[in-house]
Amino acid sequence: VLVLAVGSMLNIVSINVGVVVAISLPMVSLWANFLGAVLPLIAARLNRNPALTSAPLMTTIIDSSGLLIYFYVAKHFLRYAGHVVDLHHGATPTDASQVGE
């Protein structure tokens, strides 16, 4: 909510970007906490050293999946807000003409 308010007041980002960040940030945080708890348990269950799921591996997994969560939220929010989502390779000529609007 703070990102949305400050970004809109200072005219740094559009309201749509602020809403997407405000929605996806808690989702990524919850996902990171879940993975941080579950991956060492899975490693222990498989009779592996739980340290195998150390910081570099955990950070890589969380960053990549967090980016996917952000783009997923952005795609669905922008579609809900009425924006045309350009799929580049699958876009039809009518979709591509509406992208600049």
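The present account deals with the structure reproduced in this document. (Residues numbered from 1 in each chain as written. Predicted model: local features only at pLDDT ≥ 70, side-chain atom pairs only at ≥ 80, totals over all residues. Heavy atoms only, no water.)

### Some remarks on the overall build of the chain
A count of helical and extended segments in the chain gives four helices and zero strands. Starting at the N terminus and ending at the C terminus, the chain contains elements arranged as α-α-α-α. When burial is assessed residue by residue, the chain has 17% of its 101 residues classed as buried. Put simply, 48% of the contacts in the chain that link residues at least 6 apart link residues at least 24 apart. (Helix = DSSP H or I, 4+ residues; strand = E, 2+ residues; numbered from the N terminus. Buried < 20%, exposed > 50% of the residue type's maximum accessible area, 1.4 Å probe, protein only. Contact = heavy atoms within 4.5 Å.)

### Some remarks on a nonpolar patch on the surface
On the surface, a cluster of nonpolar side chains totalling about 580 Å² of accessible area is made up of Leu2, Val6, Met9, Leu10 and Ile12. Among the secondary structure elements, Leu2 is positioned in helix 1 (residues 2-9). (Patch = residues over 30% accessible without salt bridge, like charges linked within 9 Å, V, L, I, M, F, W, Y side chains within 5 Å. Areas by Shrake-Rupley, 256 points an atom, 1.4 Å probe, with all protein chains shown as cover. Salt bridge = Lys/Arg side-chain N within 4 Å of Asp/Glu carboxyl O.)

### Let's talk about the nonpolar core
Counting residues in hydrophobic clusters, the biggest one holds seven residues: Val19, Val20, Val28, Ile69, Val73, Ala74 and Phe77. Mapped onto this core, the elements with two or more residues apiece are helix 2 (15-45) and helix 3 (55-80). (Core = buried A, V, L, I, M, F, W, Y, C linked by side-chain atoms within 4.5 Å.)

### Some points on helix 2
For helix 2, built from 31 residues, the straight-helix expectation of 45 Å at 1.5 Å per residue is met to within 8% by its first-to-last C-alpha distance of 45 Å. Considered for burial, the residues of helix 2 that qualify are Gly18, Val19, Val20, Ser24, Val28, Leu35 and Ala43. Residue Asn47 follows helix 2 closely and has a positive phi angle near 55 degrees. (Expected span 1.5 Å × (residues − 1).)

### Examining the packing of aromatic side chains
Under the defined criterion, the tally for this structure stands at two aromatic pairs. Ring plane angle 25 degrees and centroid distance 5.8 Å describe the contact between Trp31 and Phe34, whose orientation is recorded as stacked. Here Trp31 pairs with Phe34, and both are found in helix 2, just three residues apart, close to one helical turn. Of the residues examined, Trp31 reaches a relative accessible area of 32% and is grouped as partly exposed. (Phe/Tyr/Trp six-rings, centres within 6.5 Å; stacked < 30°, edge-to-face > 60°.)

By themselves, these figures tell us nothing about what the structure is for.
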